[in-house]
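Fold and contact review
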Amino acid sequence: MSALAEEAAAPAVRHRRPRRTTLAGLALVGTMILGALAAPLLPWDPEAVDLMARLEGPGAAHWLGTDHLGRDVLARLLHGASVSLGAVAVIVGLILALGIGVGGLSGLLGGRTDRIVMRVCDGFLTVPTFVLAMFMVGALGTGLANVMLAIALSHWAWYARLVRGMVLSLRERDYVAAAIVSGASRPRVFVEHILPGVLVQLVVLASLDIGHMILHVAGLSFLGLGVTPPTPEWGVMINDAREFIWTQPTLMLWPGLMILLTVMGFNLLGDALRDRLDPTLAGDDH
(Lines give C-alpha, C1' and ligand atoms only; values in the text may rest on other atoms or scores of the structure.)
Protein backbone atom coordinates (compact mmCIF):
# COMPACT_ATOMS: atom_id res chain seq x y z
CA MET A 1 0.00 0.00 0.00
CA SER A 2 1.32 3.42 -0.92
CA ALA A 3 1.98 6.10 1.69
CA LEU A 4 -0.92 8.15 0.30
CA ALA A 5 -3.30 5.19 0.60
CA GLU A 6 -2.13 4.46 4.14
CA GLU A 7 -2.74 8.09 5.12
CA ALA A 8 -6.24 8.00 3.60
CA ALA A 9 -7.07 4.78 5.45
CA ALA A 10 -5.79 6.01 8.82
CA PRO A 11 -8.96 7.92 9.89
CA ALA A 12 -11.12 4.87 9.22
CA VAL A 13 -8.79 2.70 11.29
CA ARG A 14 -8.85 5.23 14.11
CA HIS A 15 -12.67 5.29 14.15
CA ARG A 16 -12.79 1.47 14.31
CA ARG A 17 -10.37 1.38 17.23
CA PRO A 18 -12.17 1.46 20.63
CA ARG A 19 -11.60 4.69 22.49
CA ARG A 20 -10.31 4.69 26.03
CA THR A 21 -13.61 6.09 27.27
CA THR A 22 -15.44 3.20 25.59
CA LEU A 23 -13.16 0.68 27.26
CA ALA A 24 -13.66 2.43 30.59
CA GLY A 25 -17.44 2.21 30.16
CA LEU A 26 -17.22 -1.47 29.26
CA ALA A 27 -15.00 -2.13 32.28
CA LEU A 28 -17.37 -0.36 34.68
CA VAL A 29 -20.55 -1.95 33.36
CA GLY A 30 -18.90 -5.37 33.05
CA THR A 31 -17.66 -5.18 36.64
CA MET A 32 -21.13 -4.29 37.93
CA ILE A 33 -22.75 -7.12 35.96
CA LEU A 34 -20.17 -9.64 37.19
CA GLY A 35 -20.66 -8.39 40.75
CA ALA A 36 -24.43 -8.83 40.45
CA LEU A 37 -23.99 -12.36 39.06
CA ALA A 38 -21.52 -13.25 41.80
CA ALA A 39 -23.73 -11.94 44.62
CA PRO A 40 -25.47 -15.30 45.31
CA LEU A 41 -22.05 -16.96 45.65
CA LEU A 42 -21.01 -14.80 48.62
CA PRO A 43 -20.99 -16.50 52.03
CA TRP A 44 -22.99 -13.66 53.63
CA ASP A 45 -26.74 -13.26 53.69
CA PRO A 46 -27.52 -9.61 52.78
CA GLU A 47 -30.59 -9.61 55.05
CA ALA A 48 -29.14 -11.51 58.03
CA VAL A 49 -29.23 -9.34 61.17
CA ASP A 50 -26.42 -9.67 63.72
CA LEU A 51 -26.67 -6.94 66.34
CA MET A 52 -23.50 -8.17 68.04
CA ALA A 53 -21.56 -7.24 64.90
CA ARG A 54 -23.25 -3.91 64.14
CA LEU A 55 -21.19 -1.03 62.68
CA GLU A 56 -18.01 -3.06 62.44
CA GLY A 57 -15.21 -1.75 60.25
CA PRO A 58 -13.67 -3.62 57.32
CA GLY A 59 -11.96 -6.86 58.30
CA ALA A 60 -11.50 -10.51 57.46
CA ALA A 61 -15.02 -11.42 58.58
CA HIS A 62 -16.69 -8.56 56.65
CA TRP A 63 -14.54 -7.04 53.92
CA LEU A 64 -16.40 -3.69 53.83
CA GLY A 65 -17.75 -3.87 57.38
CA THR A 66 -21.34 -4.08 58.59
CA ASP A 67 -24.27 -1.69 58.82
CA HIS A 68 -26.35 -0.61 61.83
CA LEU A 69 -28.06 -4.02 61.96
CA GLY A 70 -24.88 -6.05 61.54
CA ARG A 71 -25.58 -6.92 57.90
CA ASP A 72 -22.62 -7.35 55.57
CA VAL A 73 -22.15 -4.22 53.45
CA LEU A 74 -20.42 -5.96 50.52
CA ALA A 75 -23.19 -8.54 50.23
CA ARG A 76 -25.83 -5.82 50.25
CA LEU A 77 -23.95 -3.78 47.64
CA LEU A 78 -23.68 -6.67 45.20
CA HIS A 79 -27.23 -7.87 45.75
CA GLY A 80 -28.25 -4.23 45.29
CA ALA A 81 -26.51 -4.26 41.91
CA SER A 82 -28.60 -7.29 40.96
CA VAL A 83 -31.80 -5.49 42.00
CA SER A 84 -30.93 -2.23 40.21
CA LEU A 85 -29.68 -3.78 36.96
CA GLY A 86 -32.52 -6.29 36.84
CA ALA A 87 -35.08 -3.55 37.43
CA VAL A 88 -33.58 -1.35 34.71
CA ALA A 89 -33.59 -4.25 32.23
CA VAL A 90 -37.33 -4.76 32.82
CA ILE A 91 -38.00 -1.01 32.63
CA VAL A 92 -36.18 -0.67 29.30
CA GLY A 93 -38.11 -3.65 27.92
CA LEU A 94 -41.44 -2.12 28.95
CA ILE A 95 -40.52 1.29 27.53
CA LEU A 96 -39.41 -0.15 24.19
CA ALA A 97 -42.57 -2.25 23.93
CA LEU A 98 -44.81 0.74 24.68
CA GLY A 99 -42.81 3.13 22.51
CA ILE A 100 -42.72 0.84 19.50
CA GLY A 101 -46.34 -0.26 19.86
CA VAL A 102 -47.92 3.14 20.45
CA GLY A 103 -45.57 5.17 18.24
CA GLY A 104 -45.69 2.66 15.41
CA LEU A 105 -49.48 2.49 15.49
CA SER A 106 -49.75 6.28 15.54
CA GLY A 107 -47.37 6.72 12.62
CA LEU A 108 -48.91 3.99 10.49
CA LEU A 109 -52.55 4.92 10.99
CA GLY A 110 -52.14 8.69 10.99
CA GLY A 111 -55.19 10.92 10.95
CA ARG A 112 -57.35 11.18 14.07
CA THR A 113 -55.59 8.31 15.83
CA ASP A 114 -52.25 10.01 15.38
CA ARG A 115 -53.56 13.33 16.73
CA ILE A 116 -55.10 11.71 19.82
CA VAL A 117 -51.98 9.67 20.61
CA MET A 118 -49.71 12.67 20.22
CA ARG A 119 -51.89 14.79 22.53
CA VAL A 120 -51.60 12.05 25.14
CA CYS A 121 -47.83 12.01 24.67
CA ASP A 122 -47.74 15.80 25.04
CA GLY A 123 -49.53 15.46 28.36
CA PHE A 124 -46.91 13.03 29.65
CA LEU A 125 -44.04 15.15 28.34
CA THR A 126 -45.17 18.29 30.15
CA VAL A 127 -44.42 16.73 33.56
CA PRO A 128 -40.83 15.98 34.69
CA THR A 129 -40.27 12.24 34.62
CA PHE A 130 -39.23 11.92 38.28
CA VAL A 131 -42.26 13.89 39.50
CA LEU A 132 -44.54 11.78 37.29
CA ALA A 133 -42.92 8.58 38.58
CA MET A 134 -43.44 9.74 42.18
CA PHE A 135 -47.11 10.41 41.48
CA MET A 136 -47.60 7.00 39.87
CA VAL A 137 -45.84 5.17 42.71
CA GLY A 138 -48.08 7.05 45.13
CA ALA A 139 -51.11 5.84 43.16
CA LEU A 140 -49.90 2.26 42.60
CA GLY A 141 -48.20 1.71 45.96
CA THR A 142 -44.61 1.00 46.96
CA GLY A 143 -42.61 -2.02 45.88
CA LEU A 144 -40.15 -2.85 43.13
CA ALA A 145 -42.79 -3.99 40.62
CA ASN A 146 -44.72 -0.72 40.97
CA VAL A 147 -41.51 1.31 40.72
CA MET A 148 -40.61 -0.39 37.45
CA LEU A 149 -44.08 0.19 36.05
CA ALA A 150 -44.12 3.83 37.20
CA ILE A 151 -40.73 4.63 35.63
CA ALA A 152 -41.73 2.92 32.38
CA LEU A 153 -44.99 4.89 32.23
CA SER A 154 -43.16 8.15 32.88
CA HIS A 155 -40.68 7.59 30.01
CA TRP A 156 -42.60 5.84 27.22
CA ALA A 157 -43.88 9.04 25.57
CA TRP A 158 -40.37 10.13 24.52
CA TYR A 159 -39.85 6.84 22.74
CA ALA A 160 -43.32 6.82 21.18
CA ARG A 161 -42.72 10.28 19.70
CA LEU A 162 -39.36 9.18 18.28
CA VAL A 163 -40.86 6.02 16.75
CA ARG A 164 -43.80 7.94 15.30
CA GLY A 165 -41.48 10.49 13.69
CA MET A 166 -39.28 7.80 12.19
CA VAL A 167 -42.29 5.88 10.87
CA LEU A 168 -43.60 9.02 9.16
CA SER A 169 -40.17 9.54 7.60
CA LEU A 170 -39.46 5.96 6.57
CA ARG A 171 -42.87 5.17 5.14
CA GLU A 172 -42.19 7.69 2.37
CA ARG A 173 -39.13 5.76 1.19
CA ASP A 174 -39.33 4.00 -2.18
CA TYR A 175 -38.76 0.51 -0.81
CA VAL A 176 -41.61 0.92 1.70
CA ALA A 177 -43.93 2.24 -1.03
CA ALA A 178 -42.96 -0.72 -3.21
CA ALA A 179 -43.81 -3.15 -0.40
CA ILE A 180 -47.22 -1.53 0.06
CA VAL A 181 -47.95 -1.61 -3.69
CA SER A 182 -47.00 -5.30 -3.77
CA GLY A 183 -49.82 -6.01 -1.32
CA ALA A 184 -47.95 -6.32 1.97
CA SER A 185 -50.02 -5.54 5.06
CA ARG A 186 -49.20 -2.57 7.26
CA PRO A 187 -47.97 -4.73 10.17
CA ARG A 188 -45.69 -6.65 7.83
CA VAL A 189 -44.34 -3.46 6.25
CA PHE A 190 -43.65 -2.07 9.72
CA VAL A 191 -41.89 -5.19 11.03
CA GLU A 192 -39.83 -5.94 7.92
CA HIS A 193 -39.00 -2.51 6.51
CA ILE A 194 -39.43 0.15 9.22
CA LEU A 195 -38.70 -1.51 12.57
CA PRO A 196 -35.01 -2.36 11.88
CA GLY A 197 -34.16 1.30 11.30
CA VAL A 198 -36.24 2.38 14.30
CA LEU A 199 -34.56 -0.12 16.63
CA VAL A 200 -31.12 1.32 15.95
CA GLN A 201 -32.17 4.76 17.18
CA LEU A 202 -34.09 3.33 20.14
CA VAL A 203 -31.10 1.30 21.31
CA VAL A 204 -28.96 4.44 21.30
CA LEU A 205 -31.59 6.41 23.22
CA ALA A 206 -32.12 3.59 25.73
CA SER A 207 -28.39 3.19 26.35
CA LEU A 208 -28.13 6.89 27.17
CA ASP A 209 -31.24 6.67 29.38
CA ILE A 210 -30.19 3.70 31.54
CA GLY A 211 -28.15 5.81 33.96
CA HIS A 212 -31.13 8.15 34.33
CA MET A 213 -33.38 5.19 35.19
CA ILE A 214 -30.92 3.83 37.76
CA LEU A 215 -31.05 7.21 39.49
CA HIS A 216 -34.85 7.07 39.43
CA VAL A 217 -34.93 3.63 41.07
CA ALA A 218 -32.43 4.69 43.74
CA GLY A 219 -34.11 8.07 44.29
CA LEU A 220 -37.58 6.60 44.78
CA SER A 221 -36.18 3.96 47.15
CA PHE A 222 -34.29 6.64 49.10
CA LEU A 223 -37.57 8.54 49.57
CA GLY A 224 -39.30 5.40 50.82
CA LEU A 225 -41.49 5.11 47.70
CA GLY A 226 -39.60 2.34 45.95
CA VAL A 227 -37.88 -0.80 47.13
CA THR A 228 -38.72 -1.41 50.77
CA PRO A 229 -36.35 -2.68 53.49
CA PRO A 230 -34.88 -5.15 54.17
CA THR A 231 -34.39 -5.73 50.43
CA PRO A 232 -30.81 -4.68 49.57
CA GLU A 233 -30.90 -1.74 47.17
CA TRP A 234 -28.54 1.24 46.86
CA GLY A 235 -31.15 3.92 47.56
CA VAL A 236 -32.40 1.98 50.58
CA MET A 237 -28.83 1.64 51.86
CA ILE A 238 -28.23 5.39 51.60
CA ASN A 239 -31.48 6.10 53.41
CA ASP A 240 -30.57 3.64 56.20
CA ALA A 241 -27.13 5.25 56.58
CA ARG A 242 -28.33 8.86 56.95
CA GLU A 243 -28.41 8.56 60.73
CA PHE A 244 -24.75 7.58 60.80
CA ILE A 245 -23.36 10.07 58.28
CA TRP A 246 -21.00 11.66 60.81
CA THR A 247 -19.95 8.51 62.70
CA GLN A 248 -19.89 5.95 59.84
CA PRO A 249 -19.73 7.95 56.59
CA THR A 250 -18.62 4.93 54.57
CA LEU A 251 -22.09 3.42 54.94
CA MET A 252 -23.33 6.16 52.59
CA LEU A 253 -20.14 6.31 50.56
CA TRP A 254 -20.24 2.74 49.22
CA PRO A 255 -23.77 2.70 47.74
CA GLY A 256 -23.30 6.26 46.46
CA LEU A 257 -20.09 5.18 44.74
CA MET A 258 -21.83 2.17 43.19
CA ILE A 259 -24.53 4.44 41.75
CA LEU A 260 -21.93 6.89 40.45
CA LEU A 261 -19.79 4.25 38.75
CA THR A 262 -22.75 2.41 37.24
CA VAL A 263 -24.32 5.57 35.82
CA MET A 264 -20.93 6.72 34.53
CA GLY A 265 -20.31 3.37 32.86
CA PHE A 266 -23.64 3.32 31.03
CA ASN A 267 -23.26 6.97 29.99
CA LEU A 268 -19.84 6.25 28.51
CA LEU A 269 -21.19 3.23 26.64
CA GLY A 270 -24.18 5.22 25.41
CA ASP A 271 -21.95 7.99 24.07
CA ALA A 272 -19.72 5.42 22.36
CA LEU A 273 -22.71 3.67 20.79
CA ARG A 274 -24.12 6.98 19.56
CA ASP A 275 -20.78 7.94 18.02
CA ARG A 276 -20.43 4.51 16.41
CA LEU A 277 -23.86 4.61 14.80
CA ASP A 278 -23.57 8.29 13.81
CA PRO A 279 -20.07 8.88 12.34
CA THR A 280 -20.70 12.63 12.07
CA LEU A 281 -20.60 12.81 15.88
CA ALA A 282 -17.47 10.74 16.33
CA GLY A 283 -14.55 12.74 17.62
CA ASP A 284 -10.88 12.02 18.02
CA ASP A 285 -9.66 9.28 20.35
CA HIS A 286 -9.61 10.30 23.99
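Before reading further, recall that the structure is shown in the block above.
Overview of the structure. Bear in mind the structure is a predicted one, so any value in this text is a computation, not a measurement. (Residues numbered from 1 in each chain as written. Predicted model: local features only at pLDDT ≥ 70, side-chain atom pairs only at ≥ 80, totals over all residues. Heavy atoms only, no water.)

Overview of empty space enclosed by the protein
A water-sized probe rolled over the atoms picks out the places where empty space is left. This is how the line gets drawn: For cavity detection a 1 Å grid was placed over the protein atoms alone, and a set of points counts as a cavity when a 1.4 Å probe fits there but cannot get out; an open set counts as a pocket when protein lies on both sides within 12 Å along at least five of seven lines, with lining residues being those that have an atom within 4 Å of a point. Grid points are joined across faces, edges and corners, and a volume is the space filled by probe spheres set on the points. Helix and strand assignments follow DSSP, with helices taken as H or I runs no shorter than four residues and strands as E runs no shorter than two, numbered in order from the N terminus. Side-chain classes follow a simple rule in which Ala, Val, Leu, Ile, Met, Phe, Trp, Tyr, Cys and Pro form the nonpolar group, Asp, Glu, Lys and Arg form the charged group, and the remainder, Gly included, forms the polar group.
Scanning the model with the defined rule gives 1 cavity of 30 Å³ or more in all. Approximately 90 Å³ is the volume found for the largest cavity. Lining the largest cavity, in full, are Asp67, His68, Arg71, Val73, Arg76, Met237, Asp240, Ala241 and Leu251. Taken together, the elements giving at least two residues each to the lining of the largest cavity come down to helix 3 (73-109) and helix 9 (234-241). When residues in the lining of the largest cavity are grouped by element, the largest group, 3 residues, is from helix 9. Its residues assigned to classes, the lining of the largest cavity shows 4 nonpolar, 1 polar and 4 charged.

Section: unusual backbone geometry
Rules: Think of it in three bands: residues with accessible area under 20% of the maximum for their type are buried, residues over 50% are exposed, and the middle band is partly exposed, with areas taken using a 1.4 Å probe on protein chains only.
The residue after Pro229, namely Pro230, is reached through a cis peptide bond having omega 5 degrees. The phi angle at Leu55 is positive, at roughly 60 degrees, despite the residue not being glycine. For Leu55, a relative accessible area of 21% gives the class partly exposed.

Here we look at the packing of helix 2 (residues 20-38) against helix 10 (residues 250-277)
Put simply, the rule reads: The axes used here are C-alpha line fits, helices contributing only the stretch in contact, and every angle between their N-to-C directions lies in the interval 0 to 180 degrees. Here the angle decides the label: under 35 degrees means roughly parallel, over 145 means roughly antiparallel, 65 to 115 means roughly perpendicular, and every other value means oblique. In this scheme the handedness of a crossing depends on how the near helix is turned from the far one: anticlockwise by less than a right angle means left-handed, clockwise means right-handed. Note on contacts: a residue pair qualifies if any of its non-hydrogen atoms lie within 4.5 Å across the two residues.
Contact geometry for helix 2 and helix 10: axes closest at 8 Å, N-to-C directions at 135 degrees. In terms of their interaxial angle, helix 2 and helix 10 are classed as oblique. As helix 2 runs across helix 10, the sense of the crossing is left-handed. Within the contact between the two elements, helix 2 uses Thr21, Thr22, Ala24, Gly25, Leu26, Leu28, Val29 and Met32 and helix 10 uses Met258, Leu261, Thr262, Met264, Gly265, Phe266, Leu268, Leu269 and Ala272. Taken together, the residues of the contact of helix 2 with helix 10 sort by class into 12 nonpolar, 5 polar and no charged.

Re the environment of Val83
Residue position: Val83 is located in helix 3. When the C-alpha positions of Val83 and Val217 are compared, they lie 9.7 Å apart, and in sequence the two are 134 residues distant.

A look at helix 4 (residues 111-125)
Working note: α-helix, 3.6 residues per turn, so residues spaced by three or four point in the same direction. Let me state the cut-off plainly: One fewer than the residue count of a helix, multiplied by 1.5 Å, yields its expected span. Working definition: the arc comes from the directions between the helix axis and the C-beta atoms, pointing outward to the latter.
With 15 residues, helix 4 should cover 21 Å at 1.5 Å per step; its first-to-last C-alpha distance of 21 Å lies within 8% of that length. Within helix 4, burial applies to Asp114, Val117, Met118 and Cys121. Buried residues along helix 4 cover an arc of 100 degrees about the axis, so they all sit on one side. Of the exposed residues in helix 4, those oriented more than 90 degrees away from the buried face are Arg112 and Arg115. For helix 4, the elements touching its buried residues are helix 3 and helix 6 (144-170).

Considering the nonpolar core
What counts here: To qualify as a nonpolar core, a set must consist of buried Ala, Val, Leu, Ile, Met, Phe, Trp, Tyr and Cys residues joined through side-chain atoms within 4.5 Å.
Of all hydrophobic cores here, the largest spans 59 residues; its most connected members are Ile151, Ile194, Met213 and Trp234. Elements supplying a minimum of two residues to this core: helix 2, helix 3, helix 5 (129-140), helix 6, helix 7 (174-181), helix 8 (186-222), helix 9 and helix 10. Per-element tally for this core: the top contributor is helix 3, with 14 residues. Sequence-distant contacts of Trp234, that is, excluding residues within four places in its chain, are made with Leu77, Gly80, Ala81, Ser84, Ile214, Pro255, Met258, Ile259 and Thr262. Counting residues in each nonpolar core, the second largest holds 6 residues, with Val117, Trp156, Ala157 and Ala160 among its members.

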